[in-house]
Amino acid sequence: MRAFRNFAIPTTGFLFPAALLLAGCGDQESAALYPSFEIELSASAAEEIEALGLQVPLQGRAYVIFGVEGEAEPRRQTGLRGVPFWGWEVESWSGGETITLAPTAAEAIGYPLASLHDLPAGEYSAQVFLNVFTTFHRADGHVVNMHLNSGAGQSPWRAPGNAFSEPQQIRIDPAQGGTFRFVIDQVLPPIDPVPEGGTLQQGNPQDQGEFVKFVKIRSQVLSDFWGQDMYIGANILLPSDYLTSPDRHYPVVYLTGHFPGGRTPFGYSDESQEGRGRSAGFSEFWRSPESPKVILVSVRDANPYYDTGHSVNSANVGPYGDAFTQELIPYLETQFRMIPEGWARTLAGGSTGGWEALAIQIFNPDTFGGAWGWCPDPVDFHYYQIVNVYEDENAYWSGTEWVKVERPNARQPDGNVTSTILQENSYERAVGPNGRSGGQWAIWEALFSPVGPDGYAAPIWDRVTGEIDPEVAEYWRENWDLTHYLTENWAQVGRSLAGKLHIATGDMDSYYLNNAVELMEQALTDLSNPDPEATFEYGRKRRHCWIGSSPWRPGEDLSNAEFVQVVSDYLRRRGGTW
């Protein structure tokens, strides 16, 4: 779920006011007193963006960011707890043209301040940034402008092809206005070289040594849905005897979750480095004769909404489930010696990947042989983080008519709250309205919601006020609430899923995800014929993302090397041989 958030710590004294029910940037009568920003898109930057395969003239979103002098560039200081910025929609922008961005109520959305009048007068390091959109003519008849994944997941602040100006020192005095000029003349380069005739999509990492392979394929089903060529990929780690045992075929562990880029499964390296955290010692263990002989695969499926398509079919995100099960897996099974049977395909992931692993297994009960979902995103929408979308009226506030309490979004294991749901939704709205922030709440909405009349996802709640839409919530229940799905369909899927679901989470998960897990456990406890035989494990006062305890080292957390052994033992207990 949350592994790639930018949590830049603010070094100025601005506040997150309760008035941040973002109405834009103030009233029209005083608009003349606001600063305005003249921004030129240099011809060279436009040419470079076009050469990377992105659309010119440009559709997109431009931001003016106010950073702290002496720190990193302002674009690197943005985030949920970062510096102030304002965003505007831009369209049909060609190289050499200058536009004026004025913070009027109809155009600008700011975070964490609603109005430039709230920005204290003073000296700032200011920078302009451009998030480049692509126009998609989707198969459902809708036309939407969104960011095409360009090889770096879906954070606009680091996506190749996006562009920015040099920072400059300016003095802001909202009472006096003023005009400031910037030139966007720098373009974020590809992370990997793009081959002749290739594409930025999903990156272009190169094979590493004997065991690490990277593939990318054009997906027909996704291309049909989005109205242009779309790609998916995979990062593959082969077992140590793959080359010396040419007749042997192997089971596979598909590692689901956030965009892995060029990272190898579980951080494997051909060099004899020790690794860190759960990956400590993994590389040496993997190369040893004692390591389980399985293939590990991480999926690259960033999309116009987020850094993963979740490998399920969604009305807004598209048929990433079909792309995974009907295109990517069959391709991999023809290219590598994978056992093409359901028992030999397993799934594992944490956070977003935890939800993915469980959902893919649940919706494809016979295609996969087991799923390990660690600290999964909400598996029961009675606890969508801490919001009950079925019974609560408002996502941002609880309380009474006279006393309102803002709902928390994230916490420390001791209970201290580090952000609120209103704050993060407001941040995402400023980055990209209509679910185009590349953020967590945006992808959940895109994944779970029906398509809205404008072609973007129907909001589960009003993004400004937090008022929940009960009709959208009911759509979520009937299509995406995993606990509801299991209880309603156990007679049909139970025999295929019994013993396959394995869940672990900290009981002080940073995003309150343990609450939904506990509801799923209770619901499965009440099922029978057959017994679900699902396993649930809770780490005492463990935060996001705890994956379980070691079976062999009492009191210690599970390591990646141990997990691979857990999967191997599980498959053999269930009759697998290879």
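Residues numbered from 1 in each chain as written. Predicted model: local features only at pLDDT ≥ 70, side-chain atom pairs only at ≥ 80, totals over all residues. Heavy atoms only, no water.

(A) Up close: helix H10 (residues 514-525). Across its 12 residues, H10 extends 16 Å between first and last C-alpha, which sits within 8% of the 16 Å expected from 1.5 Å per residue. Of the residues making up H10, those classed as buried are Asn 514, Asn 515, Ala 516, Val 517, Met 520, Ala 523 and Leu 524. Next to the buried residues of H10 lie strand S21 (408-411), helix H9 (482-497), strand S23 (501-506) and strand S24 (535-539). (Helix = DSSP H or I, 4+ residues; strand = E, 2+ residues; numbered from the N terminus. Expected span 1.5 Å × (residues − 1). Buried < 20%, exposed > 50% of the residue type's maximum accessible area, 1.4 Å probe, protein only. Contact = heavy atoms within 4.5 Å.)

(B) View of the nonpolar core. Grouped together as the largest cluster of nonpolar side chains are 116 residues, with contacts concentrated most on Phe 37, Phe 66, Tyr 254, Leu 332 and Trp 461. Setting aside residues up to four positions removed in sequence, Trp 461 forms contacts with Tyr 384, Val 387, Ala 395, Tyr 396, Ile 421, Asn 425, Trp 441, Glu 445, Gly 466, Glu 467, Ile 468 and Asp 469. Core analysis: the next-biggest nonpolar cluster, separate from the first, contains 29 residues, Leu 255, Phe 266, Trp 546 and Tyr 570 among them. (Core = buried A, V, L, I, M, F, W, Y, C linked by side-chain atoms within 4.5 Å.)

(C) Representation of empty space enclosed by the protein in the model. One pass over the full model with this rule turns up four cavities of 30 Å³ or more. Lining the largest cavity are 16 residues, with Asn 425, Glu 428, Trp 441, Glu 445 and Arg 463 positioned closest to its centre. (1 Å grid on protein atoms, 1.4 Å probe; cavity = no way out; pocket = protein on both sides within 12 Å on 5 of 7 lines; lining within 4 Å. Points joined across faces, edges and corners; volume = space filled by probe spheres on them.)

(D) Quick look at a negative patch on the surface. A surface patch of like charges, here negative, comprises Glu 393, Asp 462, Glu 467, Asp 469 and Glu 471. Mapping Asp 462 onto the fold places it in the loop between helix H7 (440-448) and helix H8 (470-480). (Patch = residues over 30% accessible without salt bridge, like charges linked within 9 Å, V, L, I, M, F, W, Y side chains within 5 Å. Areas by Shrake-Rupley, 256 points an atom, 1.4 Å probe, with all protein chains shown as cover. Salt bridge = Lys/Arg side-chain N within 4 Å of Asp/Glu carboxyl O. Lys, Arg positive; Asp, Glu negative; His and termini not counted. Charge placed at Lys NZ, Arg CZ, Asp CG, Glu CD.)

(E) Examining the pattern of salt bridges more closely. The full count for this structure, using the stated rule, is 16 salt bridges. As a salt-bridge pair, Arg 463 and Glu 445 come within 2.6 Å of each other at their nearest N and O atoms. Of this pair, Arg 463 sits in the loop between H7 and H8 while Glu 445 is found in helix H7, placing the two residues 18 residues apart along the sequence. Put simply, Arg 553 and Glu 562 hold a salt bridge, and the shortest N to O gap is 2.8 Å.

(F) Fine view of a nonpolar patch on the surface. Residues Trp 402, Val 403 and Val 405 make up a contiguous nonpolar surface patch of about 370 Å² in total accessible area. By secondary structure assignment, the location of Trp 402 is in the loop between strand S19 (397-399) and strand S20 (404-406).

(G) Layout of the side chain of Glu 327. Mapped onto the elements of the fold, Glu 327 is located in helix H4 (residues 320-335). Buried within the structure, Glu 327 lacks any salt-bridge partner; its nearest side chain of opposite charge belongs to Arg 218, at an N-O separation of 7.1 Å. Side-chain polar atoms of Glu 327 contact the side chain of Ser 219, separated by 2.5 Å. There is a polar contact of 3.2 Å between the side chain of Glu 327 and the backbone nitrogen of Val 221. Among residues more than four places away in sequence, those in contact with Glu 327 are Ile 217, Ser 219, Gln 220, Val 221 and Asp 322. (Polar contact = N/O pair within 3.5 Å; in protein donor to acceptor, adjacent residues only side chain to side chain.)

(H) Structural context of the packing of H9 against H10. Packing of H9 against H10 brings their axes to within 10 Å, and their N-to-C directions diverge by 5°. Classified by the angle their axes make, H9 and H10 are roughly parallel. Each of Leu 482, Thr 483, Leu 486 and Thr 487 in H9 lies in contact with H10, whose residues at this interface are Leu 519, Met 520, Ala 523 and Leu 524. A class-by-class count of the residues in the contact of H9 with H10 yields six nonpolar, two polar and no charged. (Axes fitted to C-alpha atoms, helices over the stretch in contact; angles between N-to-C directions. Parallel < 35°, antiparallel > 145°, perpendicular 65-115°, else oblique. Nonpolar A, V, L, I, M, F, W, Y, C, P; charged D, E, K, R; others polar.)

(I) Examining the environment of Gly 53 more closely. Relative to the assigned elements, Gly 53 resides in the loop between helix H1 (43-51) and strand S2 (58-67). Of the residues examined, Gly 53 reaches a relative accessible area of 58% and is grouped as exposed. In this structure the C-alpha to C-alpha distance between Gly 53 and Trp 546, which are 493 residues apart in sequence, comes to 40 Å.

(J) How the structure looks around the packing of aromatic side chains. Under the counting rule described, the total for this entry stands at 43 aromatic pairs. Ring centres of Tyr 384 and Trp 444 lie 5.2 Å apart, and the angle between their planes is 55°; on these two criteria the pair is classed as tilted. Linking Tyr 384 in the loop between strand S18 (370-374) and S19 with Trp 444 in helix H7, this pair joins segments that are 60 residues apart in sequence. Comparing Tyr 384 with Trp 444, the two get one shared label, buried. Where Tyr 384 meets Trp 476, the ring centres are 5.0 Å apart and the plane angle is 85°; that geometry is what we call edge-to-face. Note that Tyr 384 is positioned in the loop between S18 and S19 and Trp 476 in helix H8, a separation of 92 residues in sequence. Among the aromatic residues, those joined into a cluster by ring pairs are Trp 355, Phe 363, Phe 381, Tyr 384, Tyr 396, Trp 441, Trp 444, Phe 448, Trp 461, Trp 476, Trp 480 and Tyr 485. (Phe/Tyr/Trp six-rings, centres within 6.5 Å; stacked < 30°, edge-to-face > 60°.)

(K) Quick look at the environment of Glu 428. On the secondary structure map, Glu 428 appears in helix H6 (residues 421-431). Along the sequence, Glu 428 and Ile 39 sit 389 residues apart, while their C-alpha atoms lie 23 Å from each other. Once residues within four sequence positions are removed from consideration, Glu 428 is found in contact with Ser 437, Gly 439, Gln 440, Trp 441 and Ala 442.

(L) The arrangement of the pairing of S21 in detail. Here S21 runs beside strand S22 (residues 417-420); their pairing, made up of three bridges, is antiparallel. Its bridge partner being in S22, Arg 411 is matched across the sheet by Val 417. Turn length for the S21-S22 hairpin, with the two strands adjacent in sequence and antiparallel, is five residues, and the turn residue Gly 415 shows positive phi of about 100°. (Pairing = 2+ DSSP bridges.)

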